[in-house]
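Each chain, letter by letter, is given below.
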Amino acid sequence: MSDKKEAGTNGHAKSEGAASIKVLRDRHGGMSAEMKEYYKELNNIRKLLFDALKSGPMTVPELARKCSLKSETTMWHVMAMRRYGEVVEDKIQGDYYSYRLKEAH
Amino acid sequence: MSDLNKRYDGMVIGAGIAGMQAALDLAEQGFQVLLVEKDPSIGGVMVGLNKVFPTLDCSSCICTPRMAEAAHHPNITIQTYTEVLNVDRNGPGFNVKLLKKPRYVDEDTCIGCSKCELECPVLVPHEFDYGLGSRRAVYIPHSNAIPQVATLDVEHCTFCGKCAKVCPADCFIYDQQPEEIEIEVGAVIVASGLQITPMGAKAEYNGDKLPNVVNPLGMERIQSSNGPYGTVLRPSDGKIPKKIAYVQCAGSRDKTIGVSYCSRVCCMYALKQALLTTHYIHGVEITIYHMDIRAFGKGYEQFYRRAMDEGIKIVKGKVAKIDETDNQDLIIRVEHLDEGGRVEEARYDMVVLSQGLMPAWKPGSALGIDVGEDGFFESVNPKIKPTLSTMEGVFLAGVSAGPKDIPDSIVEAGAAAMEAANYLQRTTKPKVTA
Amino acid sequence: MGSRVKPGVVQELARYGGDTVPTCFNCGNCTAVCSLSKDDTTFPRKYIRYMQLGLEDKMTTSLEPWLCYYCGDCSDTCPREAEPGELMMASRRWLTSRYDWTGLSRLMYKSEAFEIFMLVLVAVVVLLLFTLPSNYGFKLLSQHPEALTTVNMEAFAPLHLTHYGDWVVAALLGFLLLSNAARMVFMVMRGSGAPLGAYITEFKEVIIHLLTQKRWSECTSNTAKHWVRHIFLVTGYATMFILVVIFLPWFQRPDANFHWTSLFGYYGTVVLLAVTLWMIADRMGKKDQIHKHSELSDWLFPLLLFLTALTGILMHAFRLLGLPMPTYVMYLIHLMVAVPMLVIEVPFGKWAHLLYRPLAVYLTAVKRHAPARLGAMAPALSRPDH
Ligand SMILES: Cc1cc2nc3c(=O)[nH]c(=O)nc-3n(C[C@H](O)[C@H](O)[C@H](O)COP(=O)(O)OP(=O)(O)OC[C@H]3O[C@@H](n4cnc5c(N)ncnc54)[C@H](O)[C@@H]3O)c2cc1C
Ligand code: SF4
Ligand code: SF4
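The present account deals with the structure reproduced in this document. All of these numbers come straight from a predicted model, not from anything done at the bench.

### Topic: the state of the cysteines
- All told, the structure shown has 1 disulfide over all chains when counted by the stated rule.
- Here Cys 58 of chain B connects covalently by a disulfide to Cys 61 of chain B, the sulfurs 2.2 Å from one another. Handedness here is read from the sign of the S-S torsion; for Cys 58 of chain B and Cys 61 of chain B, about 75°, the answer is right-handed.
- The thiol sulfur of Cys 34 of chain C is not disulfide-bonded, and the nearest other cysteine sulfur, from Cys 71 of chain C, lies at 6.0 Å.

Dropping the structure here:
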């Protein structure tokens, strides 16, 4: 698939540090404070949503209420979970889909 | 070190539909072309659209073959994730300096398996979905992306190193650095395309604050089957919208936001999206508020009539304000011009701001061609030779030269390629092979 | 009956400060953004459309311009930068000139020179009143040498005569203003079909709005500042007017002795000085939409008022200090400012709005009682004319 015409750093022997994530981390001074905060919150929200969904399918407004999250934040995360195969649509309730965890991984 | 050639006949800046077409047309004539794109994938705006007016063809279905054609053409070299630093005149040609941004992935060995993306622990708003959807810190932009290789977004990286561990082809090059590339080219075609007017441009619309006031490109993604939600939902809470309003000229023909021109495509894309939404959501009610509908192209007036026949409400009146209710519905305030000037406050589940087109690239000193009052690249002779920029040997194609739709962009790209070919013939030893 | 289109109106309006009429592309943003625009009275777009087409009869019979308080939201957001707020201002000037039967208003709005000439003319008449008659002004003063050492207003401007003069000015002004207002009512209501009873039941509106200008408080932008200070200005102005027309015998004392009316005089003076200065400063600063465009009439309004208050208080000070000649001269200057201001600006100029605005609210309410008419609003009016 990858095309021979796509030019770039082609075919050069890799340097020693190429496979070491440490090199990248050091070069960028590690995660920024902002990024650390972002990552922490991301994981907190995801944990809340996963736990809530264990009790059964829910719509986004229901999830938001249960987890005390802003509904647009909930929506974004549920859609991310959907994209990466962690949740799927369940039934439609009124004007809303409900979502459930996808059991098998 | 890059293994690009030292010299190309033509360089095309921007690999949207216009840039790809120009590159193909030039390459078909035997010229060696370098196609430079700043994003990880070629395809521009078009590959992210849902369907196109007035034919309602699936946009990515007709754009992807073009992308593949460009990628496989023996005379085209594609350079993605690369910025143009400088274009300097050198005789009839140019010395060009490019900056290849590090992907931290070997473009040649990556097989596009997405294993790294699936393993990466970070979620980031995805540019391709205009923030509505998500991606990981290491990602392949979308299933139609060319090249199908991963890119690591170092700003959002946790430096956990999982990606390299799961990569089956050993592609990660964590010590990659930005690389400056110097080449010579005989002619340049600028096809750097569009961005839409910022969502916050007109403060009264609160487009940058209210989640259900959506950007029209975001709406294209929402409508796409491979979009962020897989179906049409509103961003605040996933409700299936039953009442949608389109606000025309939200980002055009308005001096207070510095965009006094008509962007040409917004009336048509609003009609298109409205019509399609009625196919996606049963019983949806859609109103397009406008100053006048400009259905300027072949078959467009008919399309407009069709949308009205299929029940889209067309209301004359420029929306002045958008506010939010407690449940994140939207209240728009508008004067009904055809009903004696009645002022109405109407409630909607979702409002799409039909934003205008603005140039995506402001090269400043990187490329010494003139920019017009409207911000788009100026043509020396807009009537007779619309694709000639103010610098000899630099040609213009697509929205970078002014608002236009896809067919016009393609036609203009062909014209720019022809002008460039003529220029190359005139100024260099012809290399045309039969 | 159809409406006559008068192409010349656009050019004429330019002379009233409405030079952006052709810029408008009739989108309706201004009307929808306006917080005062609702129900059956929506503006400014519709009125601007009348202006563009030169529909004079629609323009003269519409009350909408008087319902606008120039918060400027429309001008801030007009996509064509057509200054709809200023167009409403221009139409108020134009309407003032239409209501006026003497034709003076029209001449003054169209020619700044003529307006100044009229003001000077009245000032000269005042000056002559103090120099020609033998029983008033400087000739009377020359018969009372003692009044040159101690202030004695009776020896310069005897109260009984001054008071008559007051009444004459008030009557003249009242007659002009009321006859113009009557014309406004006639022009607007002719053929409206509103029942007579409505004129009586709704009359309270005139009083309420004359006293409170409360529509202003419904504006979203800059409300508090402009409305409150306008109310202060009105109270200051009304206080002085009542003092001079009714309480002059107590207010204008021959001597420097204190009288309670002075307290009201001080209040009026302080308010007038402060508010007019503030207004002038704002107009010069051009920060708020309402102050961005100023015609001569907009400057004269606070300027003359300021000078009136200033000369009045100076005269009062000279009298308290026991300076006879400066007191008399300042008194004369005071009248040379105040009388032209009242006689010219109130019936013919910007000040007429003090009556036209409440009347407009009143007449709008009356009109609502009229039976609905078919085709009252031709749909063609809302479409661009090409
Ligand atoms: C919401 C919406 C819906 C639309 N729907 C339709 C439709 O249905 N039918 C239709 O005909 N038209 C439609 N259009 C218009 C259509 O999108 C454009 O006409 C078309 O995409 C223009 O193509 P382009 O190649 O000129 O620009 P783009 O698609 O913007 O491509 C420009 C490319 O240049 C790249 N680039 C920019 N700057 C640089 C730089 N400095 N260096 C390197 N690369 C750079 C960009 O990353 C991009 O890939 C729609 C537009 C919008 C906003
Ligand atoms: S190293 Fe960075 S990009 Fe790779 S998986 Fe970890 S967080 Fe994602
Ligand atoms: S004045 Fe401005 S906002 Fe009002 S209708 Fe005209 S162009 Fe639109």
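Once you've had a look at it, read on.
### A closer look at helix α7 (residues 84-99) of chain C
- The end-to-end C-alpha distance of α7 of chain C is 22 Å, a good match for the 22 Å that 16 residues give at a rise of 1.5 Å each.
- Counted residue by residue, α7 of chain C has 16 buried out of 16 residues, so it is predominantly covered.

### Focus: the packing of aromatic side chains
- Throughout the structure, instances matching the rule amount to 28 aromatic pairs over all chains.
- Taking 5.3 Å as the distance between ring centres and 85° as the angle between the ring planes, the aromatic pair formed by Phe 301 of chain C and Trp 351 of chain C counts as edge-to-face. In this pair, Phe 301 of chain C is assigned in helix α17 (residues 296-320) and Trp 351 of chain C in the loop between α18 (324-348) and α19 (353-367), connecting sequence segments 50 residues apart. The exposure classification of Phe 301 of chain C matches that of Trp 351 of chain C, with both residues buried.
- In textbook terms, an aromatic cluster arises when at least three aromatic residues are bridged by ring pairs, as seen for Phe 130, Tyr 136, Phe 138, Phe 156, Tyr 328 and Tyr 331 of chain C.
- Of note, Arg 135 of chain B hangs over the ring of Tyr 139 of chain B, and the distance from its end group to the ring centre comes to 4.0 Å.

### Quick word on the sheet that holds strand β19 (residues 330-336) of chain B
Residues and elements named next belong to chain B.
- Reading across from one edge, β18-β19-β20 is the order of the 3 strands in this open sheet, with antiparallel pairing throughout. With partners counted over all chains shown, the strands left at the sheet margins are β18 (321-324) and β20 (342-348), one partner each. Across the sheet, the axes of successive neighbouring strands diverge by a mean angle of 25°, strand direction being ignored.
- In terms of strand pairing, β19 meets β20 through 7 bridges, oriented antiparallel. Directly across from His 336, in β20, lies its bridge partner Arg 342.

### Looking at the pattern of salt bridges
- Evaluated as defined, the whole model comprises 48 salt bridges over all chains.
- Residues Glu 345 of chain B and Arg 333 of chain B are paired through a salt bridge, measuring 3.2 Å at the closest nitrogen-oxygen approach. Residue Glu 345 of chain B is located in strand β20, and its partner Arg 333 of chain B is located in strand β19; the two are separated by 12 residues in the primary sequence.
- The residue Lys 6 of chain C makes a salt bridge to Glu 56 of chain C at a minimum N-O spacing of 2.7 Å. Of this pair, Lys 6 of chain C sits in the segment before α1 (9-14) while Glu 56 of chain C sits in helix α4 (residues 56-61), placing them 50 residues apart in sequence.
- Judged by relative accessible area, which is 14%, Glu 56 of chain C ranks as buried.
- Among the charged side chains, a salt-bridge network with shared partners connects Arg 234, Asp 237, Lys 239, Asp 329, Arg 347 and Asp 349 of chain B.

Rules used throughout
- Every chain is numbered on its own, with residues counted from 1 as its sequence reads.
- By the order in which they are written, chains take letters starting at A while ligands take numbers starting at 1.
- In view of the model being predicted, local features appear only for residues whose pLDDT reaches at least 70, and side-chain atom pairs are presented and counted only at 80 or more, with totals across whole chains, interfaces and linings using the full set of residues.
- Side-chain numbers come from the whole structure's heavy atoms, not from hydrogens or water.
- Only a pair of cysteine sulfur atoms within 2.5 Å counts as a disulfide in this structure description.
- Only runs of H or I of at least four residues qualify as helices and only runs of E of at least two qualify as strands under DSSP, and these elements are numbered from the N terminus.
- For a helix, the expected span equals 1.5 Å multiplied by the number of residues minus one.
- Remark: exposure states derive from per-residue accessible area (1.4 Å probe, protein chains only) relative to the maximum for the residue type, with buried under 20%, exposed over 50%, and partly exposed in between.
- Only rings of Phe, Tyr and Trp enter the pairing, Trp through its six-membered ring, and a pair is recorded when the two centres are within 6.5 Å. The plane angle decides the type: under 30 degrees is stacked, over 60 is edge-to-face, the rest tilted.
- Only when the NZ atom of a Lys or the CZ atom of an Arg is both within 6 Å of the ring centre and within 35 degrees of the ring normal do we say a charge sits over the ring.
- Between any two strands, pairing holds if DSSP finds at least two bridges.
- Helix axes use the C-alpha atoms of the stretch in contact, all axes being lines fitted to C-alpha atoms, and the angles between their N-to-C directions lie in the range 0 to 180 degrees.
- Only one rule defines a salt bridge in this text: a Lys or Arg side-chain nitrogen within 4 Å of an Asp or Glu carboxyl oxygen.

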